[in-house]
Amino acid sequence: STTVEEENGEWTATSTMESPMGKASDACTLEKGTLAVRKRNIHQGPAVIDLEFSGGKAIGTFSMNGQTRPVSVDLGGPLFADGAGSLMAIAALPLAEGYTATYRNFDVQKQKEKLVQLKVTGSESVTVAAGTFDTFRVELSSADGGADKQTVWVAKDPRKPVKVSAVIASMGGATMVQELLP
């Protein structure tokens, strides 16, 4: 589940999920207007990651099993559509058939910048538990040649993600599917 709240002139998006790997939460603070990621806090099992993003850098800590390591990475610019709320940020773009964009994310596991290629590949009618929606089919892939891929179906009205299918390379190519519930 994902919630978004306005707080201190910023948006805070928080996603929580349960999977075979246990409970996880991801909270991102986004700058109003640009939706650039300013802070990110991740909890999954024994791991806690606290990051701040400013001046084209990621600064923070990675803690696991009582050990804490500093994080300091030059990103080359601001992040967009990373972590909690990322799919809602994508839905806010001026999507149309043929629309493309490349944006910057932060690979938390590898602790480095990664570029994401976005392409709207068409329109589709999609039925999920919350209903049937006329959507844009949005393909997300690594612009640097990585194996992770996502397909996001964004409803044209109301403008929100209703289904996601993701191939997760770090989990042996496992596929995760999310759908909007009523």
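Residues numbered from 1 in each chain as written. Predicted model: local features only at pLDDT ≥ 70, side-chain atom pairs only at ≥ 80, totals over all residues. Heavy atoms only, no water.

## Focus: the side chain of Thr-135
The cut-off we apply is this: Helix and strand definitions follow DSSP, with helices as H or I runs of at least four residues and strands as E runs of at least two, each counted in order from the N terminus. Contacts were defined at the residue level, with two residues in contact if any of their heavy atoms lie within 4.5 Å.
For Thr-135, the location among the structural elements is in strand 10 (residues 131–142). With residues near it in sequence (within four places) discarded, Thr-135 still touches Gly-122, Ser-123, Glu-124, Val-126, Trp-153, Val-154, Ala-155, Lys-156 and Val-162.

## Digging into the side chain of Asp-82
Under the convention used in this document: Think of it in three bands: with a 1.4 Å probe and only protein chains considered, a residue is buried below 20% of the maximum accessible area for its type, exposed above 50%, and partly exposed in between. Within 3.5 Å is the distance limit for a polar contact, defined as a pair of N or O atoms, with the added protein rule that one can donate a hydrogen and the other accept it, and that residues adjacent in sequence qualify only through two side-chain atoms.
Its place among the elements puts Asp-82 in the loop between strand 7 (67–74) and helix 1 (86–91). With a relative accessible area of 7%, Asp-82 lands in the buried category. Only 3.4 Å separates the side chain of Asp-82 from the side chain of Arg-40, close enough to count as a polar contact.

## Regarding the nonpolar core
Spelled out, the test is: Among buried residues, the Ala, Val, Leu, Ile, Met, Phe, Trp, Tyr and Cys ones that are joined through side-chain atoms within 4.5 Å form a nonpolar core.
By size, the foremost hydrophobic cluster in this structure holds 19 residues, and its most contacted members are Ile-90, Leu-95, Tyr-103, Leu-118, Val-138 and Leu-140. Listing elements by their share of this core, those giving two or more residues are helix 1, strand 9 (112–128), strand 10 and strand 11 (149–155). The leading source of residues in this core is helix 1, at four residues. Beyond its immediate stretch of four places on either side in the chain, Tyr-103 contacts Phe-80, Ala-81, Ile-90, Lys-114, Leu-115, Val-116, Leu-118 and Leu-140. Membership of the second largest hydrophobic core comes to 17 residues, among which are Val-37, Phe-53, Ala-58 and Leu-79.

## A closer look at the sheet that holds strand 8 (residues 100–107)
Our working rule: Strand pairing is assigned whenever DSSP detects at least two bridges linking the two strands. Each axis is a line fitted through C-alpha atoms, and for a helix only the stretch in contact is used; angles between axes span 0 to 180 degrees, taken between their N-to-C directions.
The sheet built from six strands is open, its strands ordered 8-9-10-11-12-13 with antiparallel pairing. Single-partner strands in this sheet number two, and they are strand 8 and strand 13 (174–179). Mean inter-strand twist for the sheet, computed between neighbouring axes without regard to direction, equals 25°. Bridging between strand 12 (residues 160–168) and strand 13 involves six bridges; their strand directions are antiparallel. Within strand 13, the position partnered with Val-164 by the bridge is Gln-178.

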